[in-house]
Amino acid sequence: MGQAPSSPTDSTSRDTALWLWPPEFLDRESTDHDLTADLPDDCLAHIFQFLTAGDRKRCSLVSKRWLLIDGQNRHRLSLAAKAEIVPFLPSLFSRFDSVTKLALRCDRNSFSLSDEGFILVSLRCSNLTRVKLRGCREITDLGMEEFARNCKSLKKLSCGSCDFGARGLNAVLEHCKVLEELSVKRIRGIHETAEAVKLSSSSSLRSVCLKELVNGQVFESLIGSRTLKKLRIIRCLGNWDKVLQVNGDGDSSLTEIHLERLQVSDFGLSAISKCRKLETLHIVKTPECSDSGLVCVVERCRLLRKVHIDGWRTKRIGDEGLVALAKNCLLLQELVLIGVDATHASLSAIASNCKKLERLALCGSGAIGDVEMACIAEKCVALRKFCIKGCPVTDVGIKALALGCPNLVKLKVKKCIVVTGDVREWLRERRRTLVVSMDGDETKGPVMGSEDGGGSGLETVVEEVLTPVADGGGDGEVAGGGGRLAMLKMKLLASRNFVAFTLRRWLLSEATGST
């Protein structure tokens with residue numbers, strides 16, 4: 001349709017190219033034979049895994065065999081969970097009968113899937129291990145209870161903008177004994193009078209994420225679980241000091257804690273300090289936290305490897321807390337300071353003591369200048385990635401950093417108004433392998449301020465520059481998570497190119513032998 005008919009030249013070029021194919025592929029009565037007919041189903045399914053969702057849909061229209069193979073090997077499915085989808089669920093899950101990861105999304109202007117449809121999904125997909133619910137406001141506690149009874153293999157549940165409450169979540173925790181990750185965001189059923197969310201003693205819960213909840217304190221028993229390793233509490237109302245004190249006996253398994261925009265004070269940080277296995281700590285926009293609380297944490301949690309601190313214009317965390325961090329946390333590998341006035345004294349202590357520091361970001365501080373940059377350049381030998389934004393440094397400081405850090409692979413300089421564009425060319429001449437990003441360069445993510453003082457812009461820059469490099473320069477994943485996706489894409493492309501290259505060599509060798 002809409003294409004010109006093939007010319008004789010095209011046909012001739014096609015026929016002359018057939019000599020490249022091995023004889024076993026050409027010994028057919030017709031050259032229109034389906035060359036994938038002899039390909040095993042497993043191999044064809046493996047090829048489908050390299051395709052996008054749209055390409056897989058198109059492939060399923062090629063033949064009944066491809067349709068069947070695609071359906072049987074589709075383990076991940078995302079559906080627009082509107083009420084109109086219910087009549088199509090039986091036929092849909094008859095085709096996709098191997099789904100283990102399911103996402104149900106509904107926009108705010110539509111009626112979502114109800115309890116009836118959700119229960120039907122659980123009956124047809126009893127082997128679900130991961131479920132994500134977004135905007136499914138018609139699902140109630142009754143629907144969640146039946147779903148939990150039918151899907152006992154569930155390992156990860158993420159729900160946002162739903163209307164069920166603590167009763168439904170308790171049913172999931174009771175019946176899904178292998179649940180490891182729970183993420184709850186804007187659940188309307190978790191209100192001021194909501195019942196407590198209880199965790200059984202045989203639970204295997206590893207990660208809890210609470211976002212934008214009115215009464216997130218009902219999850220106190222989950223936060224005090226001995227199996228819990230990761231805890232993220234973001235933009236939840238109420239005082240959290242008392243809740244964090246449930247980990248105060250020193251027997252906690254927590255290795256990562258992320259607190260953002262919470263009413264938590266030094267009392268809460270004092271409770272966190274008893275988590276001796278803590279490796280990652282984020283204190284973001286918590287105005288009641290000060291140097292005293294940070295000192296208490298770092299003196300006891302000596303295994304810290306990643307620390308993110310956002311002072312949020314309060315300036316209550318400064319040199320005292322940072323010097324204590326440098327003195328006690330010698331294994332530190334990643335440090336992000338936003339809105340923290342770190343002076344030469346604290347930065348010198350960090351650079352001298354934290355010999356394994358590989359990723360450093362300094363944003364929105366008026367106390368960091370060329371002297372501090374020279375100190376970092378002289379003592380941070382292991383530094384691989386560095387980000388500086390909104391600080392009064394000049395070209396002299398940037399040049400000193402580039403000359404003094406032998407392992408530096410990425411440098412990002414943003415909104416440092418005294419730094420000129422000439423330093424970019426200087427860096428490219430002296431350090432050709434160094435990836436430099438400055439104002440005016442095209443970057444993948446937008447760098448912009450927010451209504452609360454530019455915090456989101458700073459965080460975007462930090463996430464971009466602290467993504468681990470492919471040669472194993474860090475100790476694993478960091479905040480953004482984009483590094484894992486980039487690594488996966490690189491591996492897929494590399495494997496695809498290798499297969500194509502090997503196939504061409506094989507075809508050419510076969511053709512040469514037959515000639």
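Cut-offs used in this document
- As a convention, each chain's residues are numbered from 1 in the sequence order in which they are written.
- For a predicted model such as this one, the threshold for reporting local features is a pLDDT of at least 70, and the threshold for listing and counting side-chain atom pairs is 80 or more; totals across whole chains, interfaces and linings nevertheless cover every residue.
- The basis for the side-chain values is all heavy atoms of the structure; hydrogens and waters are excluded.
- Helix and strand assignments follow DSSP, with helices taken as H or I runs no shorter than four residues and strands as E runs no shorter than two, numbered in order from the N terminus.
- Only protein chains enter the area calculation, which uses a 1.4 Å probe; residues under 20% of their type maximum are buried, those over 50% are exposed, and those in between are partly exposed.
- In what follows, a contact means two residues having at least one pair of non-hydrogen atoms within 4.5 Å.
- Accessible surface is estimated by sampling points in the Shrake-Rupley manner with a 1.4 Å probe; for residues, cover comes only from the protein chains shown.
- Grouping buried Ala, Val, Leu, Ile, Met, Phe, Trp, Tyr and Cys residues that are joined through side-chain atoms within 4.5 Å yields what is termed a nonpolar core.
- An axis is simply a line fitted to the C-alpha atoms; with a helix, the fit covers only the stretch in contact. Between two such axes, the angle follows the N-to-C directions and lies from 0 to 180 degrees.
- For this classification, under 35 degrees means roughly parallel, over 145 means roughly antiparallel, 65 to 115 means roughly perpendicular, and everything else is oblique.
- Gly is placed with the polar residues, together with every amino acid not listed as nonpolar (Ala, Val, Leu, Ile, Met, Phe, Trp, Tyr, Cys and Pro) or charged (Asp, Glu, Lys and Arg).
- Charge assignment in this entry is limited to Lys and Arg as positive and Asp and Glu as negative, and neither His nor the chain termini are counted.
- Basic side-chain nitrogens of Lys or Arg form a salt bridge, by our definition, when they fall within 4 Å of a carboxyl oxygen of Asp or Glu.
- We treat two strands as partners when DSSP finds at least two bridges between them.
- Crossover handedness is defined here as right-handed if the route from the first strand over the helix to the second strand goes clockwise, with the strands pointing away from the viewer.
- When the centres of two rings from Phe, Tyr and Trp lie within 6.5 Å, Trp using its six-membered ring, the rings pair. Their planes under 30 degrees apart give stacked, over 60 give edge-to-face, and anything left gives tilted.

A. Seen up close, the overall build of the chain. On a plain count of helices and strands, the chain comes out with 20 helices and 15 strands. Here the chain holds 515 residues, and the buried ones make up 45% of them. Residue pairs at least 24 apart in sequence account for 71% of intrachain contacts in the chain once pairs closer than 6 positions are excluded. About 25900 Å² of surface is accessible on the chain, with carbon and sulfur atoms providing 54% of the total.

B. Spatial organisation of the nonpolar core. Leu-133, Phe-219, Phe-386, Ile-388, Ile-398 and Leu-401 are the most contacted members of the largest nonpolar core, which has 122 residues in total. For this core, the element with the highest residue contribution is helix H9 (residues 166-175), accounting for five residues. Excluding residues that lie within four positions of it along the chain, Ile-398 makes contacts with Met-373, Ile-388, Val-393, Leu-411, Val-413, Val-419, Val-423 and Leu-427. With six residues, the next largest nonpolar core counts Leu-44, Ala-45, Trp-66 and Ile-69 among its residues.

C. Highlighting the packing of helix H8 (residues 141-150) against H9. In the contact formed by H8 and H9, the axes pass within 8 Å of each other and the chain directions differ by 5 degrees. In terms of axis orientation, H8 runs roughly parallel to H9. Judged by residue contacts, Asp-141, Leu-142, Met-144, Glu-145, Ala-148 and Arg-149 of H8 engage Arg-167, Gly-168, Ala-171, Val-172 and His-175 from H9. Among the residues making up the contact of H8 with H9, the classes are represented as five nonpolar, two polar and four charged.

D. Representation of H8 in the model. Where H8 is concerned, the buried positions are Gly-143, Met-144, Glu-145, Phe-147 and Ala-148. Considering only its buried residues, H8 is in contact with helix H7 (115-124), strand S3 (130-134), strand S4 (156-160) and H9.

E. Quick peek at H9. Counting buried positions along H9 gives seven out of 10 residues, so the element sits mostly inside the fold. For H9, the full list of buried residues reads Ala-166, Gly-168, Leu-169, Asn-170, Ala-171, Val-172 and Leu-173. On its buried face, H9 sits against H8, S4, strand S5 (181-185) and helix H10 (220-223).

F. The side chain of Asp-115, seen in detail. Considering the arrangement of structural elements, one finds Asp-115 in helix H7. For the buried Asp-115, no salt bridge exists, and the shortest N-O distance to an oppositely charged side chain is 9.4 Å, to Arg-167. With residues up to four places along the chain from it excluded, the contact list for Asp-115 reads Glu-138, Ile-139, Thr-140, Leu-142 and Gly-143.

G. Seen up close, the environment of Val-371. Here Val-371 is to be found in helix H16 (residues 370-379). Taking the relative accessible area as the measure of exposure, Val-371 reaches 55% and is therefore exposed. Remark: the alpha-carbon pair of Val-371 and Ala-400, spanning 29 residues in sequence, is separated by 9.6 Å.

H. Spotlight on the pairing of S4. With four of its five residues buried, S4 lies for the most part within the structure. Of the pairings in the sheet, the one linking S3 to S4 comprises five bridges and is parallel in character. Note that in S4 the partner of Arg-134 across the bridge is Gly-160. For the handedness criterion, the β-α-β arrangement of S3, H8 and S4 is classed as right-handed. Summarising the sheet, S4 and S5 pair through five bridges and their orientation is parallel. Considered in S5, the bridge of Lys-156 is made with Glu-181. A crossover connection joins S4 to the parallel S5 through H9; in handedness this β-α-β unit is right-handed.

I. View of unusual backbone geometry. Unlike most non-glycine residues, Glu-212 shows phi in positive territory, near 55 degrees. Summarising the element assignment, Glu-212 is placed in the loop between strand S6 (207-211) and H10. If you check the backbone angles, Trp-312 has positive phi at about 55 degrees while not being a glycine.

J. The arrangement of the packing of aromatic side chains in detail. Under the counting rule described, the total for this entry stands at two aromatic pairs. A centroid spacing of 5.6 Å and a plane angle of 70 degrees characterise the contact between Phe-48 and Trp-66, whose relative ring orientation is edge-to-face. Taken as a pair, Phe-48 in helix H3 (residues 41-48) and Trp-66 in helix H5 (residues 64-72) lie far apart in primary sequence, 18 residues in all. For Trp-66, a relative accessible area of 15% puts it in the buried group. Considering the side-chain rings of Phe-118 and Phe-147, the 4.6 Å spacing of their centres and the 20 degrees angle between planes classify their relative orientation as stacked. Of this pair, Phe-118 sits in helix H7 while Phe-147 is found in helix H8, placing the two residues 29 residues apart along the sequence. Phe-147 carries the same exposure label as Phe-118, and that label is buried.

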